[in-house]
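Residue-level structural notes
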Amino acid sequence: MSLQPFINEAISPWMKEEGPDNDIVLSTRIRLARNFEQFTFPIIANEDELTPIVDVIKEHYHHQSFADYQDLEYISMEELKPIQKRVLVEKHLISPNLAEKSKNSGVLISENEQVSVMVNEEDHIRMQLYFPGLQLEKALESAFAFDDWLEEKIDYAYDEHRGYLTSCPTNVGTGMRASVMMHLPALTLTQKLNKMIPAINQLGLVVRGIYGEGSEAIGNIFQISNQVTLGRSEADIIDNLLSVVKKLIEQEQFARQLLVEQSELRLENRIFRSYGTLKYSRIIESKEAATCLSDLRLGIDVGYINHLSKSILNELMILTQPGFLQHYAKETLSANQRDIRRASIIRERLKLENE
Amino acid sequence: MECEECHERPATLHLTKIINGEKNEIHVCERCAKDKGYIDYDEPAYSIHDLLAGLFHYEPTVSKSQSFNKQQQETLQCSKCGMTYREFTKIGKFGCASCYDAFEEYLNPIFRRVHSGNITHDGKIPNRQGTFLKKKQLVQEYKGKLKDLIENEQFEEAAVMRDKIKELENNTAKIDEDGDK
């Protein structure tokens, strides 16, 4: 299999568009948790009790289209091989938690992969909408419209005082988690981000790694999202998040400028060494690859490297994940084999740019 | 610095071992440290749920005697899904929508802690199911505005606002009547 079609498969169609502030913000996501009023939540329901939920989704939404989200397809977890599940996790279309389930759990995905609806994860329904760059308001508007569309056929568990009822008390109310994925190399390098995190937390927001709860920030990519879901309207939550993200963008740009002015040669050296590592490595671990890719992207953003496309970080961050490497190789690989395969994919991808 | 064990990977962990008062420094990579048992294998991350489970063990301060309260908590159970309050505090998750009613009197302190002091929803109302609720929310909003207008002695605007409220309330009343038929 040549690399180009594989890249096309790895990169969701919506990611190919350039979004606002895309030099720092990779993507925006809105997730809404919803439950059926009459059925037991997945956490204690037995498999038979979950069947009617899957049936409703299949009957009314499988092969349907809504707005920009064409031809939604329901995929049952039962049908997927472990590597296929892993690929969906790495593309953020399902959560690791859903991947562990099999019967009566699944996901509804639109053709452009911009919407995914996880069915019978922790809640009966968790819909996620993705947008390139920073587009919180647009994302919320679309999420509300999609939510209304689902609600046409589903009686949600909703209480006048508590809002949307969820399995976990941390999601009750709006059931909304809005998050923004940011590349913050300069704030990390200058160790300013660590100092900003407590202040961000005080505003009811959390800073996490790229694969969500408990994950480490690899490649200087951070996810900023709201923690509080009760007592504030969705629009207020988004306003609050947006103001913090804008501040972070401003600070990151300032830190980049300072780095360029004060340690030009050292920064340039670091970036080109990383470029060299990516270009010539024969074995590379995922963490090192992520660090070098982050450097490379910074190099493109500050203008040291002009002949590479910006999308290279997003693409290679996904392509070099264990699931994708094995999907590409069409076999299970050991950690060492993956490191070799990863180095070769990166070299090939960089070669595509030079052509 | 390279790892003292495998001499391949860089040493990322620097440990100090003290045996019989004798200090020994060890420089190893993470993999070797795990193999040699210096650190635990895949220590599970401390999740938000572990934290929450602790938060739930919370005795609401009510005038009833504590022991009575505890007894009540022991037997409290959701009649729909069968989840007990005790199970709920243990796993930190509700079993079904009805659990919210069943455990209602213990929920406010939990929500307050998790949601920065908030206990009441102030966001979206379901589009189809919530037509009635939406009207109610609008009336509430108009009443607030009416109060402001009166305070500012903008009586003409206030009169318009009052009519709007009346209209909405009449509509709602009509819906109720229709529903009764």
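As the structure is a computational prediction, the values presented were derived from the model and not from experiment.

We now examine the overall build of chain B. Helix and strand counts for chain B stand at 8 helices and 2 strands. The N-to-C order of helical and strand elements in chain B reads β-β-α-α-α-α-α-α-α-α. Burial status across chain B gives 32% buried among its 181 residues. Put simply, chain B shows about 12,300 Å² of open surface, and 49% of that area lies on carbon and sulfur atoms.

With that settled, consider a negative patch on the surface. Residue and element names in this part refer to chain A. A contiguous patch of negative charge, built from Glu47, Asp48, Glu49, Asp71, Glu73, Glu78, Glu79 and Glu111, is present on the exposed surface. Among the structural elements, glutamate 49 can be located in helix α2 (residues 47-61). With relative accessibility at 32%, the residue glutamate 49 sits in the partly exposed group.

All names here are of chain A. At a minimum axis distance of 10 Å, the contact between helix α5 (residues 136-151) and helix α8 (residues 234-262) shows a crossing angle of 155°. It follows that α5 is roughly antiparallel to α8 by the angle criterion. In this structure, α5 crosses over α8, and the sense of that crossing is right-handed. Judged by residue contacts, Leu136, Glu137, Leu140 and Phe144 of α5 engage Glu234, Ala235, Ile238, Leu241 and Leu242 from α8. Here the residues of the contact of α5 with α8 sort into 7 nonpolar, no polar and 2 charged.

Further remarks concern the packing of aromatic side chains. For the structure shown, the criterion picks out 17 aromatic pairs over all chains. With centroids separated by 6.0 Å and ring planes inclined at 50°, the aromatic side chains of phenylalanine 36 of chain A and phenylalanine 39 of chain A adopt a geometry described as tilted. Residue class for phenylalanine 36 of chain A comes out buried when judged on its relative accessible area of 3%. Aromatic pair tyrosine 156 of chain A and tyrosine 164 of chain A: ring centres 6.0 Å apart, planes at 75°, arrangement edge-to-face. Site record: aromatic cluster; members linked through ring pairs are Tyr85, Phe88, Phe94, Tyr100, Phe103, Tyr106 and Phe111 of chain B. Positioned over the ring face of tyrosine 164 of chain A is arginine 34 of chain A, at 3.4 Å from the centre of the ring. Over the aromatic face of phenylalanine 144 of chain A sits the side chain of lysine 124 of chain B, whose NZ or CZ is 5.0 Å from the ring centroid.

Confidence along chain A averages 91 in pLDDT terms, with 97% of residues attaining 70 or more. Helix α1 (residues 3-10) of chain A is the least confidently modelled element of chain A, averaging 77 in pLDDT, while strand β4 (residues 115-119) of chain A averages 97, the highest of any element.

Before going further, it helps to spend a moment on the nonpolar core. Most often, soluble globular proteins have nonpolar side chains that are buried together. Among the nonpolar cores identified, the biggest contains 101 residues, and Ile30 and Met182 of chain A are the most heavily contacted of them. Take this core: its biggest share by element is 10 residues, from α8 of chain A. For methionine 182 of chain A, the contacting residues outside a window of four places in its chain are Ile24, Val25, Asn220, Ile221, Phe222, Ile224, Val245, Leu248 and Ile249 of chain A. With 22 residues, the next largest nonpolar core counts Leu165 of chain A together with Phe88, Phe103 and Phe111 of chain B among its residues.

A separate point is the pattern of salt bridges. The full count for this structure, using the stated rule, is 20 salt bridges over all chains. Across the pair glutamate 104 of chain B and arginine 162 of chain A runs a salt bridge, and its minimum N-O distance is 3.1 Å. Remark: arginine 162 of chain A occurs in the loop between β6 (158-159) and β7 (163-164) and glutamate 104 of chain B occurs in helix α6 (residues 104-114); the pair is interchain, linking two chains. For glutamate 104 of chain B, a relative accessible area of 36% corresponds to the partly exposed category.

Residues and elements named next belong to chain A. Taken residue by residue, helix α3 (residues 82-90) has Lys85, Val87, Leu88, Val89 and Glu90 as its buried positions. Check the buried side of α3 and you find it contacts α4 (96-99), β3 (106-109), α11 (312-319) and α12 (322-329). Once α3 finishes, histidine 92 follows within two positions and takes phi at roughly 65°, a positive value.

Residue and element names in this part refer to chain A. Across the sheet, 8 strands lie side by side as β2-β3-β4-β5-β1-β8-β10-β9; this open sheet has antiparallel pairing. Among the strands making up the open sheet, the edge pair consists of β2 (73-76) and β9 (205-208). The sheet shows a mean angle of 20° between the axes of neighbouring strands, taken without regard to direction. Two strands pair when backbone bridges link them, and strand β1 (residues 25-34) and strand β5 (residues 125-132) are joined in this way by 8 bridges, in the antiparallel orientation. Pairing of arginine 34 across the sheet is with isoleucine 125, part of β5.

On the surface, Ile43 and Ile44 of chain A together with Ile91 of chain B cluster together into a nonpolar patch covering about 210 Å² of accessible area. Note that isoleucine 44 of chain A resides in the loop between β1 and α2. Exposure remark for isoleucine 44 of chain A: the relative accessible area of 32% places this residue in the partly exposed category.

This part is about the side chain of glutamine 128 of chain A. Tracing the backbone shows glutamine 128 of chain A in strand β5. At 2.7 Å, the side chain of glutamine 128 of chain A and the side chain of arginine 29 of chain A are in polar contact.

This brings us to the environment of serine 243 of chain A. Residues and elements named next belong to chain A. With respect to the element layout, serine 243 can be found in helix α8. Note on serine 243: relative accessible area 41%, which makes it partly exposed. Separated by 29 residues in the primary sequence, serine 243 and phenylalanine 272 have C-alpha atoms spaced 34 Å apart. Here asparagine 240 takes part through its backbone oxygen, which lies 2.8 Å from a polar atom of the side chain of serine 243.

Each partner contributes residues to the interface: chain A has 45 residues there, and chain B has 40 residues. Buried area between chain A and chain B, summed over both chains or domains, comes out near 3,600 Å², and the portion from carbon and sulfur atoms is 54%. Inspection of the chain A/chain B interface yields 5 salt bridges. The tally of links from chain A across to chain B stands at 27 residue pairs in polar contact (both at pLDDT 80 or more). Put simply, the parts of the chain that give the side of chain A that touches chain B at least two residues each are α5 and β7 of chain A. Ranked by residues supplied to the side of chain A that touches chain B, first place goes to α5 of chain A with 4 residues. Of the residues assigned to the side of chain A that touches chain B, the class counts are 16 nonpolar, 15 polar and 14 charged.

Rules used in this analysis
Numbers given for residues are sequential positions, taken from 1 along each chain in its written order. As they are written, the chains are lettered A onward and the ligands numbered 1 onward, keeping that order. Totals for whole chains, interfaces and linings use every residue, but because this is a predicted model, local features are given only for residues with pLDDT of at least 70 and side-chain atom pairs only at 80 or more, for both listing and counting. To obtain the side-chain values, all non-hydrogen atoms of the structure were included, while hydrogens and water were left out. Secondary structure is summarised from DSSP: a helix means a run of H or I of at least four residues, a strand means a run of E of at least two, and numbering begins at the N terminus for each. Working definition: with a 1.4 Å probe on protein chains only, accessible area under 20% of the residue-type maximum means buried, over 50% means exposed, and in between means partly exposed. Surface exposure here means Shrake-Rupley accessible area, sampled with a 1.4 Å probe, where a residue is shielded only by the protein chains that are shown. Put simply, a patch holds well-exposed residues, over 30% relative accessible area, that have no salt bridge, with like charges counted together within 9 Å and Val, Leu, Ile, Met, Phe, Trp or Tyr side chains within 5 Å. By definition, a salt bridge exists where a carboxyl oxygen of Asp or Glu is found within 4 Å of a side-chain nitrogen of Lys or Arg. Note on charges: Lys and Arg go in the positive column, Asp and Glu in the negative column, and His and the chain ends are not counted at all. Where a charge lies is defined by one atom per residue type, namely NZ (Lys), CZ (Arg), CG (Asp) and CD (Glu). With axes taken as lines fitted to C-alpha atoms, and helix axes fitted only over the stretch in contact, angles between N-to-C directions fall between 0 and 180 degrees. Note on angle classes: values under 35 degrees are labelled roughly parallel, values over 145 roughly antiparallel, values of 65 to 115 roughly perpendicular, and the remainder oblique. Handedness of each helix crossing follows the sense of rotation of the near helix against the far helix: counterclockwise by less than a right angle gives left-handed, clockwise gives right-handed. For this analysis, residues touch if any pair of their heavy atoms sits within 4.5 Å. Only Asp, Glu, Lys and Arg are considered charged, only Ala, Val, Leu, Ile, Met, Phe, Trp, Tyr, Cys and Pro nonpolar, and every remaining residue, Gly among them, polar. Aromatic contacts are taken between Phe, Tyr and Trp rings whose centres are within 6.5 Å, Trp giving its six-membered ring; a plane angle under 30 degrees counts as stacked, one over 60 as edge-to-face, and the others as tilted. Counting as a charge over the ring demands two things of the Lys NZ or Arg CZ atom: a distance within 6 Å of the ring centre and an angle within 35 degrees of the ring normal. What pLDDT reports is the predictor's confidence in each residue, on a scale of 0 through 100. Each nonpolar core is a collection of buried residues, namely Ala, Val, Leu, Ile, Met, Phe, Trp, Tyr and Cys, held together in the definition by side-chain atoms within 4.5 Å. Following DSSP output, two strands are said to pair if at least two bridges run between them. Counting of polar contacts relies on pairs of N or O atoms within 3.5 Å, with two restrictions inside protein: one atom must be capable of donating a hydrogen and the other of accepting it, and residues adjacent in sequence are counted only when both atoms are side-chain atoms. Throughout, the accessible surface (probe 1.4 Å) given up by two parts as they are put together, summed over both, is called the buried area.

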